[in-house]
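Examination of the molecular architecture
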Amino acid sequence: MLTADETQRYDRQIIINGFGEAGQEKLKRASVVIAGSGGLGLPAAVYLVAAGVGKLRIIDHDKVELSNLNRQILHWDKDLGQKKVESAGEKLSQMNGNVTIEMVGETIDESNVVKLTDGFNVIIDAMDNMETRFLLNKAAIKHSTLFVHGAVYGLEGRAMTIIPGKTACLGCVYRGLPPKEKFPVLGTTPGLIGMIQATEAIKIITGIGELLTNRLLIYDGLKMKFSEVQVKRDSGCKFCGSF
Ligand SMILES: [Zn+2]
């Protein structure tokens, strides 16, 4: 049940067609884990907290650097040198007292990815490297948990939602690992993609709308165009082929 305050707080989304108080109650009971507390993870977190998701876990091992501040909008001048989970946790915990926020300052690797993502309704990929994205993809398939991918480069962004065993996974779409390098990013690009990821998470939880599955959404900020590439499951995929 929602409290009187919650009914008032979420009024404008409760009146969305198909959402209702039932949708808000689903959000209240739901948990989301965001891998990464940077350009993608922070806008996703802000909107999930504002929307009233029950529990949010954010995982990041990094410290705030000056070169992060053009895009990682919850890290401010005063936070330089602080752990990102502490900096982001401090602000997010003041946004909405109804949300349980759990900040985890660990590096995601093969040994902990399954444990760190266990028991959540949605996993959000807000990483900046393909190795960790593939680890999250594998963990999502293992847990049968819906997984929302997001990636950015300059003014280009991509997003896709994965229903393990049913729709194309990251391994069906991407082969191999790109070289690790410093890449360009305008802050608005992950801002936009992170919000698309949060929107997908809210749709997954509440059951409204159509998910971004078997379609890779591509945002081109330079031309200000959205397009999509149809993708399908690959029976030879090393992640989901035998699932
Ligand atoms: Zn696959």
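Let me begin by describing the structure that accompanies this report. If you're wondering where the values come from, they're calculated on a predicted model, not measured in any experiment.

Around the zinc ion, the donor atoms from the protein are Cys169 (SG), Cys172 (SG), Cys237 (SG) and Cys240 (SG), and they sit 2.3 Å away. Linear spacing of the donor residues for the zinc ion on their chain is C-x2-C-x64-C-x2-C. For the pair formed by Cys237 and Cys240, the shared burial category is buried.

The next point concerns the pairing of strand E6 (residues 156–162). Counted residue by residue, E6 has five buried out of seven residues, so it is predominantly covered. Bridge count for E6 against strand E7 (residues 215–220) is four bridges, and the pairing is antiparallel. In the sheet register, Gly157 faces E7, and the bridge partner there is Tyr219.

Two strands pair when backbone bridges link them, and E7 and strand E8 (residues 225–230) are joined in this way by six bridges, in the antiparallel orientation. What sits directly across from Leu216, in E8, is Val229. The antiparallel hairpin formed by E7 and E8 contains four residues in its connecting segment, where Met224 sits at a positive phi of about 50 degrees.

Right, let's get into helix H4 (residues 41–51). Where burial is concerned, most of H4 is hidden: nine out of the 11 residues are buried. Taken as a whole, H4 has its buried residues at Gly41, Leu42, Pro43, Ala44, Ala45, Val46, Leu48, Val49 and Ala51. Immediately downstream of H4, the backbone of Gly52 shows phi near 90 degrees, a positive value.

Moving on to the packing of aromatic side chains. Counted according to the given criterion, the structure contains three aromatic pairs. Ring geometry for Phe134 versus Phe239: centroids 5.1 Å apart, planes at 25 degrees, classification stacked. Of this pair, Phe134 sits in helix H7 (residues 130–143) while Phe239 is found in the segment after E8, placing the two residues 105 residues apart along the sequence. Take Phe134 and Phe239: they sit in the same class, and that class is buried.

Direction vectors running N to C along H4 and helix H9 (residues 188–206) enclose 40 degrees, while the axes themselves pass 7 Å from each other. With respect to each other, H4 and H9 are oriented oblique. Crossing of H4 over H9 shows right-handed handedness. Judged by residue contacts, Pro43, Ala44, Tyr47, Leu48 and Ala51 of H4 engage Pro190, Gly191, Gly194, Met195, Ala198, Ala201 and Ile202 from H9. For the contact of H4 with H9, a count of residues per class yields 10 nonpolar, two polar and no charged.

Criteria and cut-off values
- In every chain, residue numbers begin from 1 and rise along the written sequence.
- pLDDT decides what is reported in this predicted model: residues at 70 or higher carry local features, side-chain atom pairs at 80 or more are listed and counted, and totals for whole chains, interfaces and linings draw on all residues regardless.
- The side-chain numbers reported here are obtained from all heavy atoms of the structure, hydrogens and water having been left aside.
- Ligating atoms shown are N, O and S within 2.8 Å of the metal, or 3.2 Å for Na, K and Ca, and water is not included, meaning a site may look less than complete.
- We call a residue buried when its accessible area falls under 20% of the maximum for its residue type, exposed when it is over 50%, and partly exposed in between, using a 1.4 Å probe and counting protein chains only.
- A run of DSSP states H or I qualifies as a helix once it reaches four residues; a run of E qualifies as a strand once it reaches two. Both are numbered from the N-terminal end.
- At least two DSSP bridges between two strands are required for those strands to pair.
- Stacked, edge-to-face and tilted labels apply to pairs of Phe, Tyr and Trp rings (six-membered ring for Trp) whose centres lie within 6.5 Å, assigned for plane angles under 30 degrees, over 60, and everything in between, in that order.
- Axes, fitted as lines to C-alpha atoms, cover a helix only where it is in contact. Angles between the N-to-C directions of the axes lie from 0 to 180 degrees.
- For classification purposes, an angle smaller than 35 degrees is called roughly parallel, one larger than 145 roughly antiparallel, one from 65 to 115 roughly perpendicular, and anything else oblique.
- Here a crossing is taken to be left-handed if its near helix is turned anticlockwise relative to the far helix by less than a right angle, and right-handed if that turn runs clockwise.
- Should any heavy atoms of two residues lie within 4.5 Å, those residues are counted as being in contact.
- Gly is placed with the polar residues, together with every amino acid not listed as nonpolar (Ala, Val, Leu, Ile, Met, Phe, Trp, Tyr, Cys and Pro) or charged (Asp, Glu, Lys and Arg).

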